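Listed below are the residues making up each chain.
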Amino acid sequence: MSPASPPTQPVSAQPLTSQEMAQRLEQDPDFRVLRRLAPIHDFGAAPDAPDVRHVLVLDTETTGLSHQVDKIIELAMLLVQVDAGSGLPFGPVEIFEGFEDPGMPIPPVAQEVTGISDGMVQGQRLDDALVAAMVARADLVVAHNAGFDRPFVEARFPVFAGKAWACSFADIDWRAAGAGSSKLSALAQDHGWFYDAHRAQVDCHALLQVLARPVPKGTTTGLSQLIAAAAQSSFKLRATGSPFESKDLLKARGYRWDAESKVWFCTLADAQGLETELAWLKAEVYGLRSARVDIEALDSLVRYSARAGLLRQQAL
């Protein structure tokens, strides 16, 4: 008898690359794959006959929450051309990023959130001329929490006060679009991206890529919606002299309490919303009482700044 043949050894398969593993997982409905966000430095060729808007995407890191007391420690800006017709960016992205020594120790909580230490900013100063030149070319400034960023940069760089602003957090109805959260990190995850948040430049890149996509349940991009929002006036309505017993009704309606002025207020996106709200106040809050409410008109030149808009009173 001939000797038995040795058992055949199985041929070892080549190990899968991380990209191949990700592609297989994406085909399985029980898994979801997140990829690290890769900054886009050039969005490609211009469309035919673009209606060009220069959009500046901005983010700051600061020593705290008060623009009157705290200071900017990092500023990042991306300047990109956008076709207003399609809401799509095109061409190269111009980038600015820099640190600034606040002249005070960075509080531990700010260091923990931002990852920026005293040593990283020591002796650093943002270049006023470069910032001013870049901002001067912008038609619209966008931040994901413009109510926070705008007062800080206007206090440091007066050039920002003359620019139209829009807020990607407040000027887009992410809830109606089906987003579970309006936080930038969550919006990026909805597109399958993750990134190291709370550093100014990567936050700007994440925001720009989110806004370059169509808003869920819609056909227009976030950039398109913000360009449209900046062209409209909004209104802050103060329910002056509202009866004390109406506080729960106002709160349930979405009004907020201004402790300094001791008045309930809300913000309306357009003139039609204002008229609807005035009718509701007259019927549900003031009734037959004589009342005059304060209306502050806010266009994109003052919206989200610390400066007041045009104020008027209206009888109900």
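Note: the structure precedes this text.
Enquirer: So what's going on with the packing of aromatic side chains? Residues and values would help.
Expert: One pass over the full model with this rule turns up five aromatic pairs. Between Phe148 and Phe152, the ring centres sit 4.9 Å apart and the planes meet at 45°, which makes this aromatic pair tilted. With a gap of four residues between them, Phe148 and Phe152 both fall in helix 5 (residues 146-156), about one helical turn apart. Plain terms: the ring middles of Phe157 and Phe160 are 6.2 Å apart, the flat faces sit at 65° to each other, and that makes the pair edge-to-face. Taking the relative accessible area as the measure of exposure, Phe160 reaches 0% and is therefore buried. One aromatic cluster is present, formed by Phe157, Phe160 and Trp165 through successive ring pairs. The positively charged end of Lys236 is found above the aromatic ring belonging to Phe265, 5.1 Å away from the centroid.

Enquirer: Lay out the sheet that holds strand 4 (residues 88-99) with the relevant residues and their values.
Expert: Pairing is mixed across the open sheet formed by five strands, whose spatial order is 4-3-2-5-6. Only two strands of the sheet have a single neighbouring strand rather than two, namely strand 4 and strand 6 (165-167). Across the sheet, the mean angle from the axis of one strand to that of its neighbour is 25°, orientation sign disregarded. In the sheet, strand 2 (residues 52-62) pairs with strand 5 (residues 140-143) via three bridges, with the strands oriented parallel. Bridging across to strand 5, Leu56 finds its partner in Val141. The sheet contacts of helix 7 (residues 200-211) involve strand 2, strand 3 (72-83), strand 4 and strand 5, and relative to strand 3 the element is tilted by about 25°. The strands that helix 8 (residues 222-230) touches are strand 2, strand 3, strand 4, strand 5 and strand 6; relative to strand 5, the one it contacts most, it runs at about 120°.

Enquirer: Describe the pairing of strand 11 (residues 292-298), listing the residues and the values that go with them.
Expert: Most of strand 11 sits inside the fold, with five of its seven residues counted as buried. The sheet contact formed by strand 8 (residues 234-238) and strand 11 spans five bridges and is antiparallel. Bridge pairing links Lys236 to Glu296 in strand 11.

Enquirer: Before we move on, can you summarise empty space enclosed by the protein with the specific residues and values?
Expert: Enumeration according to the criterion identifies one cavity of 30 Å³ or more in this entry. A volume near 40 Å³ is recorded for the largest cavity. Around the largest cavity sit Trp174, Leu187, Asp190, His191, Val210 and Pro216, which together line it. In terms of residue class, the lining of the largest cavity is built from four nonpolar, one polar and one charged.

Enquirer: Describe the layout of surface pockets, with residues and values.
Expert: Considering only enclosed or pocket space, the largest pocket measures out at about 1400 Å³ in volume. Lining the largest pocket are 38 residues, and of these Lys236, Arg256, Thr267, Leu298 and Tyr304 sit closest to its centre. For the lining of the largest pocket, the secondary structure elements donating two or more residues are helix 5, helix 8, strand 8, strand 9 (256-258), strand 10 (263-268) and strand 11. Taken together, the residues that form the lining of the largest pocket break down as 16 nonpolar, ten polar and twelve charged. Taken as a whole, the second largest pocket encloses approximately 740 Å³ of empty space. Around the second largest pocket, the lining is made up of 27 residues, and of these Asp59, Glu61, Asn145, Phe148 and His198 lie nearest the centre. For the lining of the second largest pocket, the secondary structure elements donating two or more residues are strand 2, helix 2 (108-114), helix 5, helix 6 (184-190) and helix 7. Element by element, the count of residues in the lining of the second largest pocket is highest for strand 2, at six residues.

Enquirer: Got a sec to walk through the nonpolar core? Specific residues and values, please.
Expert: With 33 residues, the main nonpolar core has Val142, Trp174 and Leu211 as its most contacted residues. The set of elements that each furnish at least two residues to this core consists of strand 2, strand 3, strand 5, helix 6, helix 7 and helix 8. Top element by residues in this core is helix 7. It accounts for seven residues. In this structure Trp174 touches His144, Ser168, Phe169, Ala179, Ser182, Leu187, Val210, Leu211, Val215 and Pro216, once residues within four positions along its chain are discounted. Ile72, Met77, Phe157 and Cys167 belong to the second-largest nonpolar core, a separate cluster that totals 22 residues.

Enquirer: Describe the environment of Ile106, with residues and values.
Expert: For Ile106, the location among the structural elements is in the loop between strand 4 and helix 2. Spatially, the C-alpha atoms of Ile106 and Pro47 are 45 Å apart, while their sequence positions differ by 59 residues. Residue contacts for Ile106: discarding those within four places in its chain leaves Ile73, Gln111, Ile116, Ser117, Asp118 and Val121.

Enquirer: Kindly report on the pattern of salt bridges, identifying the contributing residues and their values.
Expert: According to the stated counting rule, one finds 13 salt bridges in the structure shown. Of the charged contacts in the structure, one is a salt bridge between Arg53 and Asp51, with a shortest N-O distance of 2.7 Å. Overall, the relative accessible area of 29% leaves Arg53 in the partly exposed class. The exposure class assigned to Asp51 is partly exposed, which follows from its relative accessible area of 38%. Here Arg156 and Glu100 are joined by a salt bridge, their closest N and O atoms 2.7 Å apart. With Arg156 in helix 5 and Glu100 in the loop between strand 4 and helix 2, the pair connects residues that are 56 residues apart, well separated along the chain. Judged by its relative accessible area of 18%, Arg156 is buried. Via salt bridges that share partners, Glu100, Arg125, Asp128 and Arg156 belong to a single interconnected network.

Rules and cut-offs
- Residues numbered from 1 in each chain as written.
- Predicted model: local features only at pLDDT ≥ 70, side-chain atom pairs only at ≥ 80, totals over all residues.
- Heavy atoms only, no water.
- Phe/Tyr/Trp six-rings, centres within 6.5 Å; stacked < 30°, edge-to-face > 60°.
- Helix = DSSP H or I, 4+ residues; strand = E, 2+ residues; numbered from the N terminus.
- Buried < 20%, exposed > 50% of the residue type's maximum accessible area, 1.4 Å probe, protein only.
- Lys NZ or Arg CZ within 6 Å of the ring centre and 35° of its normal.
- Pairing = 2+ DSSP bridges.
- Axes fitted to C-alpha atoms, helices over the stretch in contact; angles between N-to-C directions.
- Contact = heavy atoms within 4.5 Å.
- 1 Å grid on protein atoms, 1.4 Å probe; cavity = no way out; pocket = protein on both sides within 12 Å on 5 of 7 lines; lining within 4 Å.
- Points joined across faces, edges and corners; volume = space filled by probe spheres on them.
- Nonpolar A, V, L, I, M, F, W, Y, C, P; charged D, E, K, R; others polar.
- Core = buried A, V, L, I, M, F, W, Y, C linked by side-chain atoms within 4.5 Å.
- Salt bridge = Lys/Arg side-chain N within 4 Å of Asp/Glu carboxyl O.

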